[in-house]
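Structural overview for review
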Amino acid sequence: AVLPRVVWMAHLDTALPTGRVGGGGRRRPGATAAPRRGRGGSSLGKRRKSSQASFVVDRGAAAEEEADKEGEELCLNLLIPNSWIGAVLGKGGGAIRRLQWQVKTTIQCSSDMYPGTEYRVVSIVSNAQAALDAAQQLILLRIAQDHPDEFDHVQVAIPNALVGKVIGKAGCNIIEIRAVCDATVSEHGPGVEERILTLTGDITQVTLSLRKVIDFLFPPK
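This section reports on the structure supplied with the text. These figures come from a predicted structure and were not determined experimentally.

Where burial is concerned, most of strand β6 (residues 119-126) is hidden: 8 out of the 8 residues are buried. Of the pairings in the sheet, the one linking strand β3 (residues 73-81) to β6 comprises 8 bridges and is antiparallel in character. By the bridge assignment for β6, L76 is matched with I124. Relative to β6, strand β4 (residues 106-113) runs antiparallel, the two being bridged by 5 bridges. Its bridge partner lying in β6, M113 is registered against R120.

Encoded structure:
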């Protein structure tokens, strides 16, 4: 059967997971995630109005093909403001269950905040790079549709060991990302073994730049 390119369907366990897949990056099949400790803190500041751009998930067939292969699981940890998390979950968790079913991924939302922030962690787990990309697009589109006057950025928690892949040799990768949208990498503080990548722009700019981040973090083998 020919899979549609805008969105595709796959049979998944649609039970709503809880907690966070810790650490990001690659996980071996069968590995389990440790729960995070309590969190709390402050919020980000300035917000811009996002543009309403056309939006197409165009990697469905590739994701389906990749997901059929055995291999390590990939994990992308997005930091989403707590005030936006309802757009990801949907009523009774229905939206997040549909997203998992549509893009053949596991999507987990933390119940507590990322340390020192008012952001929740939305972890996308799959063994297909293209599925991660499709999932992030659909998640961010839902947020932009529900908060059109507020959506202007997304943050990604990247393990210290993987930050070099995003920055690239002599900064070549981060320069490529910055050609699409504003991008900054900051240290989060003592005791947190992750760096925070902030991508700022409208829905098109943010999703395209996050696609590049996924490509750099998880290059095809």
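The rest of the description comes next.
What follows concerns the packing of helix α4 (residues 129-146) against helix α7 (residues 203-217). In contact at an axis separation of 10 Å, α4 and α7 are set at 155 degrees when each is read in the N-to-C sense. It follows that α4 is roughly antiparallel to α7 by the angle criterion. Crossing geometry of α4 relative to α7 is assigned as right-handed. On α7, the residues that touch Q129, L132, D133, Q136, Q137, L140, L141 and A144 of α4 are I203, V206, T207, L210, R211, I214 and D215. Broken down by class, the residue content of the contact of α4 with α7 amounts to 8 nonpolar, 4 polar and 3 charged.

Conventions adopted
- Positions within a chain are numbered from 1, following the residues in the order the chain's sequence is written.
- Local features are withheld for residues below a pLDDT of 70 in this predicted model, meaning they are given only at 70 or higher, and side-chain atom pairs are given and counted only at 80 or more; totals for whole chains, interfaces and linings count all residues.
- Only heavy atoms go into the side-chain values, all of them from the structure, while hydrogens and water stay out.
- Accessibility here uses a 1.4 Å probe with only protein chains present; expressed as a share of the type maximum, an area under 20% marks a residue as buried, one over 50% as exposed, and anything in between as partly exposed.
- Put simply, DSSP H or I for four residues or longer makes a helix, DSSP E for two residues or longer makes a strand, and each gets a number counted from the N terminus.
- DSSP-based pairing: two strands are paired if at least 2 bridges between them are found.
- As a rule, the C-alpha atoms of each element are fitted with a line to give its axis, helices using only the stretch in contact, and angles between N-to-C directions run from 0 to 180 degrees.
- Throughout, the term roughly parallel applies to angles under 35 degrees, roughly antiparallel to angles over 145, roughly perpendicular to angles from 65 to 115, and oblique to all others.
- Crossings are classed by handedness, with left-handed meaning an anticlockwise turn of the near helix from the far one by less than a right angle and right-handed meaning a clockwise turn.
- Residues count as neighbours in contact if any of their non-hydrogen atoms are within 4.5 Å of one another.
- The classification used treats Ala, Val, Leu, Ile, Met, Phe, Trp, Tyr, Cys and Pro as nonpolar, Asp, Glu, Lys and Arg as charged, and all other residues, Gly among them, as polar.

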